[in-house]
Every structure is written in C-alpha cells, then in structure tokens.
Amino acid sequence: MTSIASTSPIERIARVIAAEMLSPNAEGAGELSRPVSEIVDTIWSRETDRALAVLRTLREPTAIMIEAGRAAGDDPARIWSAMVNAAIAEATAPAA
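It should be emphasised that the depicted structure is a prediction, and the values quoted were computed from it without experimental measurement. (Residues numbered from 1 in each chain as written. Predicted model: local features only at pLDDT ≥ 70, side-chain atom pairs only at ≥ 80, totals over all residues. Heavy atoms only, no water.)

S.K.: Please explain the overall build of the protein as it appears in this structure.
M.R.: Across its full length, the protein holds five helices and zero strands. In sequence order, the secondary structure elements of the protein are arranged as α-α-α-α-α. Of all intrachain contacts in the protein linking residues separated by at least 6 positions in sequence, the fraction that spans at least 24 positions is 46%. If you sum the accessible surface of the protein, you get close to 7,000 Å²; carbon and sulfur atoms cover 56% of it. (Helix = DSSP H or I, 4+ residues; strand = E, 2+ residues; numbered from the N terminus. Contact = heavy atoms within 4.5 Å. Areas by Shrake-Rupley, 256 points an atom, 1.4 Å probe, with all protein chains shown as cover.)

This is the structure we're talking about:
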C-alpha cells in the first residue's frame, strides 16, 4: 500500500525549503536559539510561493518519469510516487 500524506504538497515543500534555509546540517543559518523544527512551524507559510513554483515545475514530466509512471500500474498514488522517485534518481545519478 502506498502512503498517503496528511498535509498538502505545498505545505510539505514549503516546510522543506524553510528547514533547508535554517538547518546547520543543510548549511543553513547555523547557530539557532531554538530547534529548527520549532522555527519551521512558525515560518513555513512564508515559503508557499516557492513551494508553488516547485510544484508547477513538476507538471511537465521527463521521459524517464513518464516511463516510470507507465510501469507503476493503475494506482494513481503509486504512479505519482514512481514518477517522483524517477525524477529524484535522474537528478542524483552520476553523469555519464
């Protein structure tokens, strides 16, 4: 069974953008007086425009994403997941 998210894609993307900007592990802002998760809870909504831009970009799949979607079967959640995973794999694959 495919996992189903309980928050919107926009919120999840915005939270990641905010966390990446703050997290010392992601080489963000560095020394903070509060845990990054607490700060993200208060600022993620400021990143919704960037999150929308990311999601709009995903409307146009690559050929690799399309093939992964076709191979995933009939379940829309599995198709989506397969296509996104293909995009991630494509981006992280070593250059030929």
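S.K.: Would you explain the layout of surface pockets in this entry?
M.R.: It is the rolling of a water-molecule-sized probe over the atoms that shows where space remains empty. Of the voids in this model, the largest pocket is the one considered here, and its volume is about 510 Å³. What lines the largest pocket is a set of 17 residues, and nearest its centre among them are P9, R12, I13, W80 and V84. Of all the secondary-structure elements, those providing two or more residues to the lining of the largest pocket are α1 (9-22), α3 (48-57) and α5 (76-92). Classifying every residue of the lining of the largest pocket by side-chain character gives 13 nonpolar, three polar and one charged. (1 Å grid on protein atoms, 1.4 Å probe; cavity = no way out; pocket = protein on both sides within 12 Å on 5 of 7 lines; lining within 4 Å. Points joined across faces, edges and corners; volume = space filled by probe spheres on them. Nonpolar A, V, L, I, M, F, W, Y, C, P; charged D, E, K, R; others polar.)

S.K.: Could you clarify how one ought to interpret the packing of α1 against helix α2 (residues 36-43) in this entry?
M.R.: The contact between α1 and α2 brings their axes to 9 Å, and the two run at 130 degrees. Relative to α2, α1 is oriented oblique. The element α1 and its partner α2 pack so that their crossing is right-handed. Every residue of α2 that contacts α1 at R15, A18, A19 and L22 is listed here: V36, I39, V40, D41 and I43. A class-by-class count of the residues in the contact of α1 with α2 yields seven nonpolar, no polar and two charged. (Axes fitted to C-alpha atoms, helices over the stretch in contact; angles between N-to-C directions. Parallel < 35°, antiparallel > 145°, perpendicular 65-115°, else oblique. Left-handed = near helix turned anticlockwise from the far one by under 90°.)

S.K.: Can you help me understand the confidence of the model for the protein in this one?
M.R.: Should the pLDDT be low somewhere, the predicted coordinates at that spot are not to be read in detail. Taken over all residues, the pLDDT of the protein has a mean of 87, while the share at 70 or more is 88%. Here α2 stands out as the least confident element of the protein, with mean pLDDT 90; helix α4 (residues 63-71) is the most confident, with 96. (pLDDT = per-residue confidence, 0-100.)

S.K.: Just to check I follow, could you spell out the pattern of salt bridges for this structure?
M.R.: Two side chains with opposite charge may pair up if their charged atoms get near one another. Tallied over the entire structure, the rule returns six salt bridges. Of the charged contacts, one joins E38 and R34 as a salt bridge, the two residues approaching to 3.6 Å between their closest N and O atoms. For R34, a relative accessible area of 37% puts it in the partly exposed group. For R50, the salt bridge is made with E47, and the minimal N-O distance between the two is 3.4 Å. For R50, a relative accessible area of 49% gives the class partly exposed. The class for E47 is buried, based on a relative accessible area of 9%. Each member of the salt-bridge network shares a partner with another, and the members are E11, R15 and D41. (Salt bridge = Lys/Arg side-chain N within 4 Å of Asp/Glu carboxyl O. Buried < 20%, exposed > 50% of the residue type's maximum accessible area, 1.4 Å probe, protein only.)

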